[in-house]
Amino acid sequence: MSKHIVIVGGGVGGTMLANQLVTKLYSEILRGEVCITLLSNSPDHFYKPAFMYVAFNQFFDEELKRPERSLLRPEIDFRVDEVTRFDFAGQHLHTRSGKRYGYDFLVIATGCVPAPERIEGLKEAGDHFYDYAAARRLAERLNTIERGRIFISVSFPKTPNVPHQCGIAPVETTLMLDDLLRRRGVRDKVEIIYTYPSVAQLLRNCLFMQRPVGEALPGIFEQRNIRFQRDFTLGRVDAERRIAYSEEGEEQPFDILMATPPIRAVDVVLESGVSQAENDEGWLPTNHETLQVYGLQGVYVIGDTVDLPISKAGGACHNQAPVIANNITAEIRLGAPNSVYEGRVQAVAQMGLNAGMPLWYDYAHDVLPTPPSKLGGLLRTGFNRGLYWAVARGML
Amino acid sequence: MDVADTLPGHNAGLVALLTKLQPLLDSGRMDNVVDVLALVSDLVDMLDGAMVEKLALLFEQATAVSWNVGNAARMATAQTQAEETPPSLYGLLSLLREPDTRRGVALALRTLNVLGRQL
Ligand SMILES: Cc1cc2nc3c(=O)[nH]c(=O)nc-3n(C[C@H](O)[C@H](O)[C@H](O)COP(=O)(O)OP(=O)(O)OC[C@H]3O[C@@H](n4cnc5c(N)ncnc54)[C@H](O)[C@@H]3O)c2cc1C
């Protein structure tokens, strides 16, 4: 009987994986022994990192999305339908349209969503760049502020040793902000304060979640006259008085609060009851080597929904997709998974509006910061504008 | 004499680099390497965000078209090979009845139309 692989989520993880599975299992697909269905609740695929650029007026909405169908190999059965309930025991799931899909293998690739409402006052008074609408609002503020105080805060998930989305984004946007304000000629009248919470995964009282980068940051910030402060865990925000209070007992006034807000898994994953993560965050218990979900039969997870200690980043999905494609193929052909994820993530960090810093790390190695360069910046532009779509198609 | 021997003090990195470069220096081909570096450096100076954006878009368009055509050819080949006998005339006509075929034909005709418009 034909094996049915169902992937839920048409983001970067689900899309890359679906295409790579077709390549791996092509002979079985031709013989009608395997079929692949991808379910997503959106007909469009978004290049999410571009939201960061939207906040600095560098990307249009139309440039950061493509029809999902155009990124998928024709062998994949793509349906726009939201998954509303998983029945893991019965190996099937239910969708908004009332359909029921049975599966032999399921991959959950539903990402995560910003949840500013989880900190009192943050949704009302704070700004962020983790979705398009919020990034547009922030762009308007950043492009009109003439004087005042921009306060930057970073909230980590409460689940121990799980990072926020795209670890380097707060540093990237702080440096982009400095450049933008200089371009606008108002930098000397606008104070920038970068803060970091007391607990950042395994580190304490630091400026970044990995020690080598954290130690390089004071020098970078001092050069640009950016103030920085450790031990500010955003606890609540007084939206009327525009004051941010920390859990450590401090208060800081702001004109713009540029926050990395709390995040959580999507509703259908939260409601599945499989997660053991704290604070109802919903991260799925993930085998850090095979990427299977612990305790479930034939279920894998990719991307932002994992509970692993590595960055919730497209650069992580890029290394997870081949592992899952191999493991599902090996389960079908050999009866057991055969590939191991080593925690590798790679990216080109945008260090200010024009410079870039290629970086990589894995479970065993931290990022080693190198001097940001113009060439690095151009590489990042090339990736944002073209290379990404080849990566999503599974070509690179 | 090896260039590495002329170095004051001992710098392992420099010695390793110079040892690698020695054959190029010996044969007088080092000039070419320096010229290439200068050319690369000129190219980096000339590149800017806008040009990279255009090149990246061109890359996307080229890869997307070749990917689409390649995917279609691969799938159509597999389906055609799987047929034991060639389709009858009626079989071909019933292929035309499928909405996806008609969409594909429309795409091909429109492409010709636009090509014609550009002549
Ligand atoms: C501002 C910003 C900057 C970033 N910068 C970088 C960077 O520089 N480098 C980097 O590597 N990463 C970066 N990231 C992170 C990167 O975008 C994410 O890690 C990546 O998108 C995660 O991929 P995913 O497939 O897990 O989830 P997503 O890409 O979020 O995709 C989830 C998909 O699931 C679908 N979905 C959700 N719920 C359902 C449901 N119930 N039923 C069906 N479908 C559903 C959604 O429509 C979506 O298509 C950044 C992210 C942001 C927001």
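Refer to the structure printed above.
Conventions we followed
Residues numbered from 1 in each chain as written. Chains lettered and ligands numbered in written order. Predicted model: local features only at pLDDT ≥ 70, side-chain atom pairs only at ≥ 80, totals over all residues. Heavy atoms only, no water. Salt bridge = Lys/Arg side-chain N within 4 Å of Asp/Glu carboxyl O. Helix = DSSP H or I, 4+ residues; strand = E, 2+ residues; numbered from the N terminus. Buried < 20%, exposed > 50% of the residue type's maximum accessible area, 1.4 Å probe, protein only. Near = heavy atom within 4 Å. Polar contact = N/O pair within 3.5 Å; in protein donor to acceptor, adjacent residues only side chain to side chain. Areas by Shrake-Rupley, 256 points an atom, 1.4 Å probe, with all protein chains shown as cover. Nonpolar A, V, L, I, M, F, W, Y, C, P; charged D, E, K, R; others polar. Domains from an automatic or database assignment. Pairing = 2+ DSSP bridges. Right-handed = clockwise from strand over helix to strand, strands pointing away.

Q: What exactly am I supposed to notice about the pattern of salt bridges here?
A: Side chains that differ in charge, positive against negative, can pair when their charged atoms come close. Evaluated as defined, the whole model comprises 23 salt bridges over all chains. Between arginine 96 of chain A and glutamate 82 of chain A there is a salt bridge; the shortest N-O distance is 2.5 Å. Highlighted residues: arginine 96 of chain A in the loop between β7 (92-95) and β8 (100-102) and glutamate 82 of chain A in the loop between β5 (77-80) and β6 (83-87), separated in sequence by 14 residues. Given a relative accessible area of 59%, arginine 96 of chain A falls into the exposed group. Residue glutamate 82 of chain A is classed as partly exposed on the basis of its relative accessible area, which comes to 27%. Residue arginine 385 of chain A is joined to glutamate 53 of chain B by a salt bridge in which the shortest nitrogen-to-oxygen separation is 3.6 Å.

Q: Sorry, what's going on with the site of the ligand here?
A: Residues and elements named next belong to chain A. Around the ligand, a shell composed of 34 residues is seen, among which Gly13, Asn41, Lys48, Asp304 and Gly315 lie nearest. Contacts to the ligand include valine 83, whose backbone N or O atom sits 3.0 Å from a nitrogen atom. Contact between the ligand and alanine 313: an oxygen atom at 3.2 Å from a main-chain N or O atom of the residue. When the ligand sits alone it has 990 Å² of accessible area, and the protein chains cover 92% of it. Listing elements by their share of the shell around the ligand, those giving two or more residues are α1 (12-24), β2 (34-40) and α9 (314-334). Residue contributions to the shell around the ligand peak at three residues, all from α9. Split into classes, the residues belonging to the shell around the ligand amount to 15 nonpolar, 13 polar and six charged. Structurally, the shell around the ligand is a two-domain feature, drawing no fewer than three residues from each of domain 1 (3-111 + 266-344) and domain 2 (117-262).

Q: Which parts of the structure should I look at to understand the pairing of strand β12 (residues 190-195) of chain A?
A: Taken residue by residue, a regular strand's side chains alternate between the two faces of the sheet. All names here are of chain A. Counted residue by residue, β12 has five buried out of six residues, so it is predominantly covered. For strand β11 (residues 148-154) and β12, the ladder comprises five bridges, and the chain directions are parallel. Across the sheet, arginine 149 pairs through a bridge with glutamate 191, a residue of β12. Where the polypeptide runs from β11 across helix α6 (residues 169-184) and back to β12, its parallel neighbour, the crossover connection is right-handed. Direction of pairing for β12 relative to strand β15 (residues 227-229): parallel, over a ladder of three bridges. Paired with isoleucine 193 across the two strands is arginine 227, which belongs to β15.

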